[in-house]
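# Per-entry structural report
Spelled out, the chains give:
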Amino acid sequence: MFFSVAVQGVAVLLVAASQSVIVAPPAGWAALYGGAASWINTGLLIWRHRQGERGLHGDAARHLRSFYRSSLERFIAVGAWLALGLGGLALDAVSMLTGFVVGLLAWVIAMAGRARV
């Protein structure tokens, strides 16, 4: 799982560097900020995954409640982070969302690639 996080980090850094060179340095910072949102999402997902490994049980309703809670936590945390970047810091929206989407896609692709091995 940590290999996928490393791939995610490298992808975000490459996008931020390319945005900084091609567009402008503030766009690179915005892409890095968006990539940080994808790291927050991944971090919360890994944290919940590790919590779920500890208390094994067969209660389907409890699993479903945990799934909903984890989804809501990640949605609120990432939404607040992105809202702070757009509203509070006035970052470039396209660059920030590019960093976010590339970070998420890199993580998903790396996880899918590791699952086949």
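About the thresholds
- Residues numbered from 1 in each chain as written.
- Predicted model: local features only at pLDDT ≥ 70, side-chain atom pairs only at ≥ 80, totals over all residues.
- Heavy atoms only, no water.
- Patch = residues over 30% accessible without salt bridge, like charges linked within 9 Å, V, L, I, M, F, W, Y side chains within 5 Å.
- Areas by Shrake-Rupley, 256 points an atom, 1.4 Å probe, with all protein chains shown as cover.
- Salt bridge = Lys/Arg side-chain N within 4 Å of Asp/Glu carboxyl O.
- Helix = DSSP H or I, 4+ residues; strand = E, 2+ residues; numbered from the N terminus.
- Buried < 20%, exposed > 50% of the residue type's maximum accessible area, 1.4 Å probe, protein only.
- Axes fitted to C-alpha atoms, helices over the stretch in contact; angles between N-to-C directions.
- Parallel < 35°, antiparallel > 145°, perpendicular 65-115°, else oblique.
- Left-handed = near helix turned anticlockwise from the far one by under 90°.
- Contact = heavy atoms within 4.5 Å.
- Nonpolar A, V, L, I, M, F, W, Y, C, P; charged D, E, K, R; others polar.
- Expected span 1.5 Å × (residues − 1).
- Arc of directions from axis to C-beta.
- Core = buried A, V, L, I, M, F, W, Y, C linked by side-chain atoms within 4.5 Å.

### Points about a nonpolar patch on the surface
- Taken together, the side chains of Val21, Ile22 and Val23 define a hydrophobic patch exposed on the protein surface, amounting to about 350 Å² of accessible area.
- Along the chain, Ile22 turns up in helix H1 (residues 2–22).

### Brief notes about the pattern of salt bridges
- With the rule as written, the count across this model stands at two salt bridges.
- The closest approach of N and O atoms between Glu73 and Arg48, which form a salt bridge, is 2.6 Å. Here the residue Glu73 occupies a position in helix H3 (residues 60–88), and Arg48 occupies one in helix H2 (residues 25–54), the gap between them amounting to 25 residues.
- Judged by relative accessible area, which is 24%, Glu73 ranks as partly exposed.
- Using a relative accessible area of 16% as the deciding quantity, one classes Arg48 as buried.
- In this structure, Arg69 engages Glu73 in a salt bridge whose closest nitrogen and oxygen atoms are separated by 3.1 Å. Separated by four residues within a single helix, Arg69 and Glu73 lie in helix H3, roughly one turn from each other.

### Some details on the packing of H2 against H3
- Put simply, H2 and H3 touch, their axes get as near as 10 Å, and they point 160° apart. Considering the angle they form, H2 stands roughly antiparallel to H3. The element H2 and its partner H3 pack so that their crossing is right-handed. Of the residues in H3, those touching H2 at Tyr33, Ala36, Ala37, Ile40, Asn41, Leu44, Leu45, Trp47 and Arg48 are Arg69, Ser70, Glu73, Arg74, Ala77, Val78, Trp81, Leu82, Leu84 and Gly85.
- Residue composition of the contact of H2 with H3, by class: 12 nonpolar, three polar and four charged.

### What about H1?
- Between its first and last C-alpha, H1 extends 30 Å over 21 residues, near the 30 Å set by a 1.5 Å rise per residue.
- By the burial criterion, the buried members of H1 are Ser4, Gln8, Gly9, Ala11, Val12, Val15, Ala16 and Gln19. One side of H1 holds all its buried residues, which, seen down the axis, span an arc of 165°. Exposed residues pointing more than 90 degrees away from the buried face of H1 are listed as Phe2, Leu14 and Val21.

### Structural notes on the nonpolar core
- In this structure, Ala30, Tyr33, Ala37, Val78, Leu82, Met96 and Phe100 together form the largest nonpolar core, which totals seven residues.
- Contributions of two or more residues to this core are made by H2, H3 and helix H4 (93–116).
- Here the element with the most residues in this core is H2; it accounts for three residues.
- What Tyr33 contacts, discounting residues up to four positions off in sequence, is Trp81, Leu84, Gly85, Leu89, Leu91 and Met96.

By themselves these figures say nothing about function.
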